[in-house]
Structures are given as C-alpha cells and as structure tokens.
Amino acid sequence: MAYVPGVALLAALVVGCSADADSSANGADSKAGSPTVTPAPPGKYLTLPAPCRAVPRSTLKDLLPGAAELPGDQQEKVFRGTAAVTYDTDRKVGCSWKSDAPDATRSLSIDLERVVSYDPAVSDDDRADTVYAKKEKAAGLSSSTTPGPDAEKNSGTPDEKAEKDEKGEKGEGDTGKGKGAASSGPSSTASPSKTPGGGGSASSSGSGGPEDVLPSRILDNLGDAAFLHDLPKRSGSTAQNHTVSVVFRTSNVVVTVRYAEQPALVTQEPDGAELQEKAQALARKLAETLSE
C-alpha cells in the first residue's frame, strides 16, 4: 500500500501527456483546415522580343525617310538601331533609330516592359495594368472616367477646381448676355479638355493649332488598353519639334512607341496627323507580333 501514491502520480502524468498530445493534434488540424491564399495566375509573357529586330526594315524605311538614300554602311547603322541599356532583358528592353534628312530629322524609339508581380494575391496582368495606368495619368488621360458635362469641371487639382468654379460663378452673374453670345464671342477661349473621347475640339479654341486638331486620347482596339499622347511644341528659336507617343498594354507587357520629327527650317511645321497615323500603325504591328 506504500506504493499506491507513486502509481497514482504516474497515472496522472500519463493522462496529462495524453491530453497535451490531443490538444496539439487538434491545433494542427485547425491550422490545416484554415483557408489558404491561392496564387494569382502568371502573365502571358515570360520573355520579350529582341527590340531592334522587332520593327521590319520596310517599316523603318517608311518611318525614317532619307535613310534608304544613305551610303551602305551609314544606312545599315541607321536601320540597325541602338539598343537601350538594361540589366535584365527578360524584364525591360528598348531600341531607338534616328535619320537625318535634308528637310527634317526623324527619330523613333520603342520600349517594352514585362511586368512581374511578387505579391501572390496580385496577378502579373493586374500589376501591369497599374503600371500602364500611371503612364496614362501622367499623360493627363483617364480611361476609367466617363466624359460628361461636369468632366472638365471636376478634373484637376483642388486649386484648379476652385478657379473653374469661380469663373463659372462670374459667368452666371453676367447679365444682358444670351447663351448664343456667350458661346460665340471671342471670350470663349477655354482650352480643350483631354478626355477619353479624344479631348476638346478645335472650335473650343481660336488658335486652330496642332494642340486642338490632334489631341491626346484613349485608343480602342489596341491591346488591352492604349492611349496616344501628342506633344507638339516649339523649342525656342529653333525648328519645331513634334512628338507622338503611343502606349499600350497587352497582358503583362507595357509597350511605348515614340515617333518625332523636327523640320530643318523654322518655317516648316511637322505633319502631326501623319506622325500619329504611323505611330499607331507601328504599335498595332508590335501588338500583333507579341500575340503570335
């Protein structure tokens, strides 16, 4: 009978260990049954094409007039292009070309960026869409905004909005002026608003310049999303320089095409419509090449 307490103590220890084991097993089961995050699907593209070979020579001859008349070695140098310096050609590549002709200088560049998301909850496509959206916003455009009567009024910074509201109140406070006079008079010189529909029309401004005729705009039927950014400008007393950029996203790749012309004479003005047409045509060719 002297050994009974010791036996009871041993039995208690065995029961306690069994309880701890059961508790641990239940805890493991509860963790195993908890929901897990399913990794987002990867992007369509795992590599990028060689940028300096992405544009056919026939297209380069059309975009760089005068290059075909150069001596053989100079012609080859122009059409070969200059590759952009990158440290990971699987993620970002680019190439540029330039042709100096007697009447004008034309330059072309393309940049391709393959976007990879390191967040398992965010897909490569969604991450690429964020990268594209930043470029679109920097161009003053927004594909997520539906144009309407208040689109211009509600755009811009708070200070710009306040200024627009103040101008609107002053306009409403004027008396003795009909709607016809307000819309047709010389005071109606508001700058065109760049909206997804293509911005304001040339009639919105009395200048009739390239800014009104060729506005920046969202493009349809090009990749998953696309826009055109038109930048006509004068560079001081030198000749005019006109640059057109077309940016589009297809799956997890964002492509930028830049096409520019600078006439040799100050009196000459680049054909903005032609620049836009050719830049868009090249962008569509690149989109087709990527989808092959």
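As the structure is a prediction and not an experimental result, all values here were calculated from the model.

**Focus on the pairing of strand E3 (residues 104-114)**
Stage number 1. Pairing of strand E2 (residues 92-100) with E3 involves 9 bridges; the strand directions are antiparallel. What sits directly across from Asp-100, in E3, is Thr-105.
Stage number 2. Hairpin connection of E2 to E3: 3 residues between the antiparallel strands.
Stage number 3. Where E3 lies against strand E7 (residues 253-263), 11 bridges are found, and the strand directions are antiparallel.

**Focus: the state of the cysteines**
Stage number 1. Applying the stated rule across the entire model yields 1 disulfide.
Stage number 2. A sulfur-sulfur separation of 2.1 Å characterises the disulfide bridge that pairs Cys-52 with Cys-95. Classification of the bridge connecting Cys-52 and Cys-95 rests on its S-S torsion, roughly 100°, and on that basis the disulfide is right-handed. Taken as a pair, Cys-52 in the loop between helix H1 (4-32) and helix H2 (57-63) and Cys-95 in strand E2 lie far apart in primary sequence, 43 residues in all.

**Overview of the pattern of salt bridges**
Stage number 1. Evaluated as defined, the whole model comprises 8 salt bridges.
Stage number 2. Two residues, Glu-261 and Arg-106, come together in a salt bridge whose shortest N-O distance is 3.3 Å. With a gap of 155 residues between them, Glu-261 in strand E7 and Arg-106 in strand E3 connect regions that are remote in the sequence. The residues Glu-261 and Arg-106 share a single accessibility class, namely buried.

**Digging into helix H4 (residues 124-138)**
Stage number 1. Its 15 residues give H4 an end-to-end C-alpha distance of 21 Å, which sits within 8% of 21 Å, the value for a rise of 1.5 Å per residue.
Stage number 2. Taken together, the buried positions of H4 are Asp-124, Ala-128, Val-131, Tyr-132 and Glu-136. On an axial view of H4, the arc spanned by its buried residues comes to 140°, and they lie on one face. In H4, those exposed residues whose orientation departs by more than 90 degrees from the buried face are Lys-134 and Lys-137.
Stage number 3. Downstream of H4 by a residue or two, Gly-140 has a phi angle that is positive, lying close to 80°.

The rules behind the values
- Residues numbered from 1 in each chain as written.
- Predicted model: local features only at pLDDT ≥ 70, side-chain atom pairs only at ≥ 80, totals over all residues.
- Heavy atoms only, no water.
- Pairing = 2+ DSSP bridges.
- Helix = DSSP H or I, 4+ residues; strand = E, 2+ residues; numbered from the N terminus.
- Disulfide = S-S within 2.5 Å.
- Salt bridge = Lys/Arg side-chain N within 4 Å of Asp/Glu carboxyl O.
- Buried < 20%, exposed > 50% of the residue type's maximum accessible area, 1.4 Å probe, protein only.
- Expected span 1.5 Å × (residues − 1).
- Arc of directions from axis to C-beta.

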